[in-house]
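Descriptive structure summary
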Amino acid sequence: MYVGKSVKRVDAYDKVTGRAMYTDDLADRKALVAKVVHSTVAHGIVKHVDTAEALTVPGVVKIFTCFDVPEQRFPTAGHPWSTDPHHQDVSDRNLLARHVRFYGDDVAAVVAENEVAAAQAARLVKVEYEKLPFVTDVQEAMADSAPLLHEEFPNNILAHTTMGYGDFDEAIREPGLLKFEGWYDTPIVQHCHIENHVCYAYKENGKIVVVSSTQIPHIVRRVVGQALGIPWGRVRVIKPYIGGGFGNKQDTLYEPLCAFLSQELGGRMVKLDVSREETFVSNRVRHAVRSHITSYVRPDGTFVARKLEAFSNQGAYASHGHGICAKGMSAFTQLYPCKACRGDAYTVFTNLPVAGAMRGYGIPQAMFAGESHVEDIARALGMDSLELRRKNMMPVGFLNAFDHNENYYDSFNQCLAVGMKEIDYEKKLKAYQNQTGDIRRGIGHSIFWYNTAVWPISLESTSCRMVLNQDGSLQVQLGETEIGQGADTAFAQMAADTVGVRLEDVHIISSQDTDITPFGLGSFASRQTYVGGFAIKQTGLLFRERILTYARELTRMPVFNLDIIDGNIIRTTDGRVLLPLSDLATEAIYSLNHSAHITAESTYQVKSNAYSFGCCFAEVEVDIPLCKVKLLKIVNVHDCGTLVNPQLAEAQVHGGMSMAIGYGLSEQLLFDPKTGKTLNDNLLDYKLSTTMDHPDLVARFVENAEPTSAFGTKSLGEPPACPGAPAIRNAVLQATGVAVNRVPLNPHVLFERFKEEGLL
Amino acid sequence: MQTKLIKCTINGKERELMIDVRASLTDALRNDFRLTSVKKGCEVGECGACNVLIDGECFNSCIYLAVWADGKDIRTLESLLGEGGELSDIQQAFVDEAAIQCGFCTPGVIMTAVEILDTKRLYTRDELRKLLSGHLCRCTGYENIINAVEKVMKKRLGLP
């Protein structure tokens, strides 16, 4: 059996030798190069674009402006399409914008024979704007007097939804309740995958082929079709290896524009490779969310009623929209079930870069607010915050009526116990109480839960194909995509176990091609092993059945007495090896009696979801005069069900922890209030964690097999990014007594707070 | 377009080529020599994905003009592989320690690791962190990368 073993990555050799080919490595060096001309105002109407001087640059082929593209609006979010018009994503993008809505919007595209010419010409394109007032703050954007970004959305409100249970007004009438209230802010951050988004397009056999660094090839195919107004089957999207995505590439980015440029230039190959600066500004970012939480609590710490109001900054276009804030709200209402709970979430357009999906999809924001708030309540009550959490957190047996998620095990307590031991929690908590002096230490923690996949909000469908080769090895293809997380390796392990062959005989096809790969939705929602597992198991069993049926012909044994183990056909009654699968495979193909190309393909529609649980413990040292936080130790503990590959799971947790450390301590995009321009659109001024900013990262697991899952697994991709920031914040609170209600906890923020609290 | 003839050694072979004087070494290696292990992540010397060895010292090739390579000895990740496709010890360690995820930063990091290991010195873990700090990686949290480098360092020095 391979599931549960730390086998090496199937793509490790290619990646460690530099042979793995990414999008730009594959592009023909003679491809034309496109550069986008971006808006230099935060809000305005393009009156005129003067391309005369730009066209004089040698090598320029053609310049397309916002007046040259069709009025053909399309959505961009990497969501499964809905055939119900009411559930479709908002179509608010054009290939290029006449009404520009943020500093960095796309106004024109220059196509040239080389990159230098394209870049030079792009700088010479002169755009004349009618400037409009702009707004960057969510609350200001909702005011009647605010500039309106999209006519269809009054007060700039993309969506406003509520959820909850119980009679809130009745619940808070209980005598003796204590009321706690807090406002919490999270920043706009960016995914910072090391490979920027890049794509190239060309025409072949009457089709437009787009090779792209994307997480969602099949969705991109649909959106390119929608944007160009051509049948979806006339679009072919190929996804080679990709250099990280983290949700930014769970959006259709420049693929439609690139396809359009190629189409308009007679199908010649056009490459659109965005710069790091463009990645920061003109791709997607994570929503900044402002949360207001009110809790009514009994003096013994029992939560009675809780309310969350959340305001999510969408930026200029809808992209993934309200899904992010709504998901955070849903997590809030379920993490600490009480008598009555209310959620009230707004997603609001502003003149800032477009927010989309990013690792955690609303949960890092909601957990920062919620877990900071719980810590503050514990402090006010004089209670141990761990006890307060244990008293109120989602109990075993909790069932959510909407998605039928069930808390089957005592995962939270198990995870907390592992984390406490790992970090020596009780001893440190005691040691760090009542400190004085400039340098103080503290310990903090937080818990979280995360969904797996998108059912029942959206479709969950997954397909798999298996093809037997002459030597008994097999090709496996899925629509679920490898984006660096190790999905292909997990898929190969699952396939080997299901069919009964050796891992080295499973050839997983990593590259995705919408003309060839079975339909799948792509890589998002931490769904790959959970959702892919169903299709692999179902298809694998079908495939086995076909092999064993053929084996019956060769062995004259009944199928029910046959099995495939380690690549051999076995008689189960006595365990005898009847023949190697390789012999069967050769015979099946070349038989003069009965030649058979043994394959299997099937679709599994997933109609379940699963809670994934975990916690984080952080230990910090705060230098009060310097307003600096040093992270001394950090431990994440996850229950993501059965681990398919423990070593890769641990590695994935490290990456999520690193992202959470950046979220908690250093990362944020800053904007010039006068112009709306992004101020730190580069990896020097945007403070991504380096090797120097981490202690050793400790990842631990509690393995409770998920009953709804084909292989006992559930989500792990995004969860590690969820609990880190509030754990760090709570550790700083223990160290200094200062509650900081915004991240990142950088010196600028801490200086202000320490001053307010009289520490400085 | 102004060009200049340069002569240099690339991965052990002497090469001569007319180079666009504006080209970065990254572009020359990728486009002219098709050494696509040299990755582009920022093109301004921030991320380290394009790191190569020039006369034994690591440089961000994106901010190193190709014409400066005249007379130099350049090594990219492609040079590490044995003739039969055998992995070098540091490559094998990256595989064994699960130090690879998306793989995009990997070639650059490994070249810095080669520079570190070639000093034949024993570094503390904190020193290794500092020596590797010129590389940005968003997948691994650096944990297993540091583990891989440390493991090979100790092995080469005959330490447990």
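Residues numbered from 1 in each chain as written. Chains lettered and ligands numbered in written order. Predicted model: local features only at pLDDT ≥ 70, side-chain atom pairs only at ≥ 80, totals over all residues.

1. Points about the overall build of chain B
Of regular secondary structure, chain B possesses five helices and five strands. The globule rule puts the C-alpha radius of gyration for 160 residues at 15 Å, and the 16 Å found for chain B is close to it. Here chain B, with 160 residues, has 53% of them falling under the buried criterion. When contacts within chain B are restricted to residue pairs at least 6 apart in sequence, long-range pairs at least 24 apart make up 58% of them. (Helix = DSSP H or I, 4+ residues; strand = E, 2+ residues; numbered from the N terminus. Rg over C-alpha atoms; globule rule 2.2 N^0.38 Å. Buried ≥ 20, exposed ≤ 12 C-beta atoms within 10 Å, placed from the backbone. Contact = placed C-beta atoms within 7 Å.)

2. Looking at the domain arrangement of chain A
Residues and elements named next belong to chain A. Here chain A is partitioned into domain 1 (12-132 + 197-273), domain 2 (394-452 + 610-760) and domain 3 (461-605). One C-alpha centre belongs to domain 2, the other to domain 3; they are set 40 Å apart. At the interface, 17 residues of domain 2 touch 13 residues of domain 3. Here the residues of the side of domain 2 that touches domain 3 sort into eight nonpolar, seven polar and two charged. (Domains from an automatic or database assignment. Nonpolar A, V, L, I, M, F, W, Y, C, P; charged D, E, K, R; others polar.)

3. Topic: the interface of chain A and chain B
With 45 residues of chain A in contact, the opposing surface of chain B contributes 41 residues. At the level of secondary structure, the elements contributing two or more residues to the side of chain A that touches chain B comprise α1 (12-16) and α18 (646-665) of chain A. Broken down by element, the side of chain A that touches chain B gets its largest block of residues, seven residues, from α18 of chain A. Taken together, the residues of the side of chain A that touches chain B break down into 20 nonpolar, 17 polar and eight charged.

4. Overview of the nonpolar core
The biggest cluster of nonpolar side chains holds 291 residues, and the ones touching the most others in it are Ala34, Ala108, Ala109, Val110, Val210, Cys258 and Val270 of chain A. Contacts of Val270 of chain A, omitting those with residues within four sequence positions, involve Ala31, Leu32, Ala34, Val111, Tyr200, Ala201, Cys258, Leu261, Ser262 and Leu265 of chain A. (Core = buried A, V, L, I, M, F, W, Y, C linked by C-beta atoms within 7 Å.)

5. Side note on helix α13 (residues 411-423) of chain A
Residues and elements named next belong to chain A. Taking 1.5 Å per residue, 13 residues should reach 18 Å; α13 reaches 18 Å between its end C-alpha atoms and fits that length. Along α13, the residues that are buried comprise Ser411, Phe412, Cys415, Leu416, Gly419, Met420 and Ile423. Down the axis of α13, the sector holding all buried residues measures 155 degrees, keeping them to one side. Buried-residue contacts for α13 involve α12 (385-392), α14 (425-431), β16 (439-450), β25 (612-623), β26 (628-639) and β27 (697-701). (Expected span 1.5 Å × (residues − 1). Arc of directions from axis to C-beta.)

6. Some thoughts on the sheet that holds strand β23 (residues 576-580) of chain A
All names here are of chain A. Pairing within the open sheet is antiparallel, and its three strands lie in the order β21-β22-β23. With partners counted over all chains shown, the strands left at the sheet margins are β21 (562-565) and β23, one partner each. Taken pair by pair, the neighbouring strands of this sheet meet at an average axis angle of 35 degrees, ignoring direction. One ladder, built from four bridges, connects strand β22 (residues 568-571) with β23; its direction is antiparallel. In the strand pairing of β23, Arg571 is matched with Arg576. Each of β21, β22 and β23 is contacted by helix α16 (residues 528-555), which is oriented at about 115 degrees to β21, the strand it contacts most. (Pairing = 2+ DSSP bridges. Axes fitted to C-alpha atoms, helices over the stretch in contact; angles between N-to-C directions.)

7. Quick word on the confidence of the model for chain B
Within chain B, residue pLDDT values average 97, and 100% of them lie at 70 or more. The ipTM assigned to the predicted complex is 0.98, against a pTM of 0.97. (pLDDT = per-residue confidence, 0-100.)

8. Things to note about the domain arrangement of chain B
Residue and element names in this part refer to chain B. Looking at chain B, the domain boundaries give domain 1 (3-79) and domain 2 (89-156). Distance from the C-alpha centre of domain 1 to the C-alpha centre of domain 2: 21 Å. In this assembly, 14 residues from domain 1 lie in contact with 13 residues from domain 2. Examining the composition of the side of domain 1 that touches domain 2, we find that three residues originate from one element, strand β3 (residues 51-54), more than from any other. Grouping the amino acids of the side of domain 1 that touches domain 2 by side-chain chemistry returns eight nonpolar, four polar and two charged.

9. Description of the sheet that holds β3 of chain B
All names here are of chain B. Read across the open sheet, the five strands follow the order β2-β1-β5-β3-β4; overall the sheet is mixed. Each of the sheet's edge strands pairs with one partner strand only, and the pair in question is β2 (13-20) and β4 (57-60). Strand-to-strand twist across the sheet, computed as the mean angle between neighbouring axes with direction ignored, equals 40 degrees. Pairing analysis gives two bridges linking β3 to strand β5 (residues 73-75), with the strands arranged antiparallel. The residue of β5 that forms the bridge with Ile54 is Ile74. Along the sheet, helix α3 (residues 106-118) contacts β3 and β4; its crossing angle with β3, the most-contacted strand, is approximately 35 degrees.

10. Regarding helix α17 (residues 581-590) of chain A
Residues and elements named next belong to chain A. Turning to α17, its buried residues number three or more, namely Leu581, Leu584, Ala585, Glu587 and Ala588. Seen end-on, α17 carries its buried residues on one side only, within an arc spanning 165 degrees. As for α17, its buried residues are in contact with β17 (461-468), α16, β21, β22 and β23.

11. Describing the environment of Ser319 of chain A
Residue and element names in this part refer to chain A. Mapped onto the elements, Ser319 comes out in the loop between β14 (303-315) and α10 (323-335). On the basis of neighbour count, Ser319 is assigned to the buried category, with 29 C-beta atoms found within 10 Å. The spacing of Ser319 and Phe349 is 30 residues in sequence and 11 Å in space, taken between C-alpha atoms. The contacts of Ser319, once residues within four sequence positions are left out, are Thr76, Ala77, Asp251, Arg284, Val354, Ala355 and Gly356.

12. Things to note about the packing of helix α2 (residues 89-96) of chain B against α3 of chain B
All names here are of chain B. Orientation of α2 relative to α3, taken along the N-to-C sense of each, is 130 degrees, at an axis distance of 10 Å. Regarding the angle of α2 to α3, the classification is oblique. Two packed elements cross with a definite hand, and for α2 against α3 that hand is right-handed. Between α2, through Ile90, Gln91 and Phe94, and α3, the contact on the second element is made entirely by Thr106, Ile110, Ala113, Val114 and Leu117. (Parallel < 35°, antiparallel > 145°, perpendicular 65-115°, else oblique. Left-handed = near helix turned anticlockwise from the far one by under 90°.)

13. Re the pairing of β3 of chain B
All names here are of chain B. Strand direction decides the pairing type here: β3 and β4, joined by four bridges, are antiparallel. Paired with Val52 across the bridge in β4 is Phe59. The hairpin formed by β3 and β4 contains two residues between the paired strands, and Asp55 there has a positive phi angle of roughly 50 degrees.

14. Quick look at unusual backbone geometry
Residue and element names in this part refer to chain A. In this structure, the amide linkage connecting Trp455 to the following residue, Pro456, adopts the cis form with an omega of 5 degrees. When you line up the elements, Pro456 lands in the loop between β16 and β17. Following Val743, the chain continues to Pro744 via a peptide bond in cis, the omega torsion being 0 degrees. Tracing the backbone through its elements, the reader meets Pro744 in the loop between α19 (724-736) and α20 (747-756).

15. Concerning the pairing of β17 of chain A
In regular strands, side chains alternate between the two faces of the sheet. Residues and elements named next belong to chain A. Where burial is concerned, most of β17 is hidden: six out of the eight residues are buried. Pairing analysis gives seven bridges linking β17 to strand β24 (residues 599-605), with the strands arranged antiparallel. Note on β24: the bridge partner recorded for Ser463 is Thr603. Across five bridges, the pairing between β17 and strand β18 (residues 474-478) is antiparallel. Paired with Met466 across the bridge in β18 is Val476. A loop of five residues connects β17 with β18, the two strands running antiparallel in sequence, and Gly472 in this loop sits at a positive phi of about 90 degrees.

16. Some remarks on the packing of helix α15 (residues 487-499) of chain A against α16 of chain A
When two helices pack together, their arrangement is captured by the angle between the axes and the distance separating the axes. Residue and element names in this part refer to chain A. Between α15 and α16, the shortest axis-to-axis distance is 9 Å and the interhelical angle comes to 30 degrees. Considered as vectors, α15 and α16 are oriented roughly parallel to each other. As α15 packs across α16, the resulting crossing turns out to be right-handed. When α15 is examined against α16, the residues Ala487, Ala490, Phe491, Met494, Ala495, Thr498 and Val499 are found in contact with a partner set consisting of Gln528, Thr529, Gly532, Gly533, Ile536, Lys537, Gly540, Leu541, Phe543 and Arg544. For the contact of α15 with α16, the class distribution of residues is nine nonpolar, six polar and two charged.

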